[in-house]
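# Working through the structure, step by step
Okay, here's what each chain looks like letter by letter:
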Amino acid sequence: MSLRIVVCVKYVPDATGDRHFTDDLTVDRDDVDGLLSELDEYAVEQALQIADEADDAEITVLTVGPEDAKDALRKALSMGADKAVHVEDDDLHGSDVMGTSLVLAKAIEKTGYDLVIAGMASTDGTMGVLPAILAERLGVPQVTLLSEVSVEDGVVKGRRDGDTASEQLEASLPAVVSVTDQSGEARYPSFKGIMAAKKKPVESLDLDDLDIEAEEVGLEGAWTKVDEATERPARTAGTIVKDEGEGGKQLAEFLSGQKFI
Ligand SMILES: Cc1cc2nc3c(=O)[nH]c(=O)nc-3n(C[C@H](O)[C@H](O)[C@H](O)COP(=O)(O)OP(=O)(O)OC[C@H]3O[C@@H](n4cnc5c(N)ncnc54)[C@H](O)[C@@H]3O)c2cc1C
């Protein structure tokens, strides 16, 4: 029987661009450039490697996000995933990790799965807790922060590297794992992959399709609330130290004046 892998991928605001809050103190996700969270590329890569080793496997990439989040799905499809699911609904606006994990869990159950792979953290929220909450919601084991992962005979195995020791962990499928940026370089999409991705199926779902009430998600259903947010002050021009023989000294004085040294 086919090994059904679902990879959770997040569409995040481009960290190199300007980021803003909206009037209700949520992150502006509509008017900014975004991309597939870099850390989720590692999750897609591990899914592709596991699928290569399996006799028969199917990889679905899943995102909860605005219209433009389709870009993240297309990137994952161009890397080699088979199909995609996009959950989008106006009522999702303001969802926190509890709301997002609920939506992901329902979408994963609807899609069908043996193994869920997530990144170690998103590059915008960076909480790193979503995979654990997801496993709890699905009622399956979680093996998180793996630097190495493989599947054999209905068991997912992996290595988690800590500061002082490495642990070998395993769990029976179905299970949720998250992988780190040490798990292996993510491949670049080939031209053939980019062309093929255009024809791969992308299923769109909304809250009704997942039997989720609007009050369970969005700002209303959120467990956390942002009371205040202040935009970072604009960058000021830097100090230029001209080296006319005393450059090193001036640099040291500047750093010491700023209490860097
Ligand atoms: C349209 C929209 C509006 C939102 N508004 C708010 C808000 O106002 N306030 C708020 O607190 N949060 C909001 N969120 C949710 C938030 O951005 C995170 O998705 C969620 O809280 C998870 O936190 P994290 O990104 O820190 O997850 P982490 O735990 O750091 O993520 C770990 C992994 O979980 C997976 N993952 C995380 N998010 C998603 C996703 N959306 N789709 C697929 N996989 C995912 C990825 O594999 C990721 O690597 C919103 C999300 C969306 C899509």
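What you see is a predicted model, and the numbers here were worked out from it, not measured in a lab. (Residues numbered from 1 in each chain as written. Predicted model: local features only at pLDDT ≥ 70, side-chain atom pairs only at ≥ 80, totals over all residues.)

### Regarding the overall build of the chain
The condition is simple: Helix and strand assignments follow DSSP, with helices taken as H or I runs no shorter than four residues and strands as E runs no shorter than two, numbered in order from the N terminus. Three classes are used. A residue is buried when 20 or more other C-beta atoms lie within 10 Å of its own, exposed when 12 or fewer do, and partly exposed in between, with C-beta atoms placed from the backbone. Note that contacts rest on C-beta atoms placed from the backbone: two residues are in contact if these are within 7 Å.
When helices and strands are counted, the chain shows 7 helices and 12 strands. Counting only C-alpha atoms, the chain reaches 75 × 45 × 40 Å along its principal axes. Of all 261 residues assigned to the chain, the portion counted as buried reaches 36%. For the chain, the proportion of contacts with a sequence separation of at least 24, taken over those separated by at least 6, is 72%.

### With respect to the nonpolar core
Generally speaking, nonpolar side chains in soluble globular proteins are found buried as a group. Going by this rule: By convention the nonpolar core is taken to be a set of buried residues drawn from Ala, Val, Leu, Ile, Met, Phe, Trp, Tyr and Cys and joined through C-beta atoms within 7 Å.
By size, the foremost hydrophobic cluster in this structure holds 62 residues, and its most contacted members are Val 7, Val 9, Val 61 and Ala 76. Leaving out residues up to four positions away in the same chain, Val 7 has contacts with Ala 43, Val 44, Ala 47, Ile 59, Val 61, Leu 62, Ala 76, Ala 81 and Ile 117.

### Thoughts on the sheet that holds strand β8 (residues 148–152)
Spelled out, the test is: Note on pairing: two strands pair once DSSP finds at least 2 bridges between them. Between the N-to-C directions of two axes lies an angle of 0 to 180 degrees, each axis being a line fitted to C-alpha atoms and, for a helix, fitted only over the stretch in contact.
Pairing is antiparallel in the open sheet, where 3 strands are placed in the order β8-β9-β10. Looking at strand neighbours, the two that pair on one side only are β8 and β10 (166–172), the edges of this open sheet. Ignoring strand direction, the axes of neighbouring strands in this sheet form an average angle of 20°. By the bridge criterion, 5 bridges tie β8 to strand β9 (residues 155–161) in an arrangement that is antiparallel. By the bridge assignment for β9, Glu 148 is matched with Arg 159.

### Some details on the sheet that holds strand β7 (residues 142–146)
Spatially, the 7 strands line up as an open sheet ordered β7-β11-β6-β1-β4-β5-β12, and their pairing is parallel. The open sheet has two free edges, formed respectively by β7 and β12 (202–205), since each of these has just one partner strand. This sheet shows a mean twist of 20° between the axes of neighbouring strands, independent of strand direction. When strand β6 (residues 115–119) meets strand β11 (residues 175–179), the two strands line up parallel, connected through 5 bridges. Among the inter-strand pairings, Val 116 is bridged to a residue of β11, identified as Val 176.

### Digging into the UniProt feature "domain: Electron transfer flavoprotein alpha/beta-subunit N-terminal" (unreviewed entry) in the chain
The criterion, for reference: UniProt positions are given in the numbering used here, feature names are shortened, and annotations may be inferred rather than shown by experiment.
The positions that UniProt labels "domain: Electron transfer flavoprotein alpha/beta-subunit N-terminal" (unreviewed entry) are, in the present scheme, residues 24–214. When the span residues 24–214 is considered, its composition is 30% helix and 28% strand, and the gap between its end C-alpha atoms is 17 Å.

### As for the pairing of strand β1 (residues 3–8)
Counting buried positions along β1 gives 5 out of 6 residues, so the element sits mostly inside the fold. Sheet topology places β1 next to strand β4 (residues 57–64); 6 bridges connect them, and they run parallel. Across the sheet, the residue bridging to Val 6 is Thr 60, located in β4. Bridging between β1 and β6 involves 3 bridges; their strand directions are parallel. In the strand pairing of β6, Val 6 is matched with Val 116.

### Considerations on the packing of helix α3 (residues 97–111) against helix α4 (residues 130–138)
To keep things clear, this is the line we draw: To sort the angles, those under 35 degrees are grouped as roughly parallel, those over 145 as roughly antiparallel, those from 65 to 115 as roughly perpendicular, and the leftovers as oblique. In this scheme, a crossing is called left-handed if the near helix is turned counterclockwise away from the far one by less than a right angle; it is called right-handed if the turn is clockwise. Three classes are used, and their members are as follows: Ala, Val, Leu, Ile, Met, Phe, Trp, Tyr, Cys and Pro are nonpolar, Asp, Glu, Lys and Arg are charged, and the others, Gly among them, are polar.
Between α3 and α4, the shortest axis-to-axis distance is 9 Å and the interhelical angle comes to 50°. Between α3 and α4, the crossing angle belongs to the class labelled oblique. Crossing of α3 over α4 shows right-handed handedness. On the side of α3, the interface is formed by Val 97, Thr 100, Ser 101, Leu 102, Leu 104, Ala 105 and Ile 108, while α4 contributes Leu 130, Ile 133, Leu 134, Arg 137 and Leu 138. A per-class count over the contact of α3 with α4 returns 9 nonpolar, 2 polar and 1 charged.

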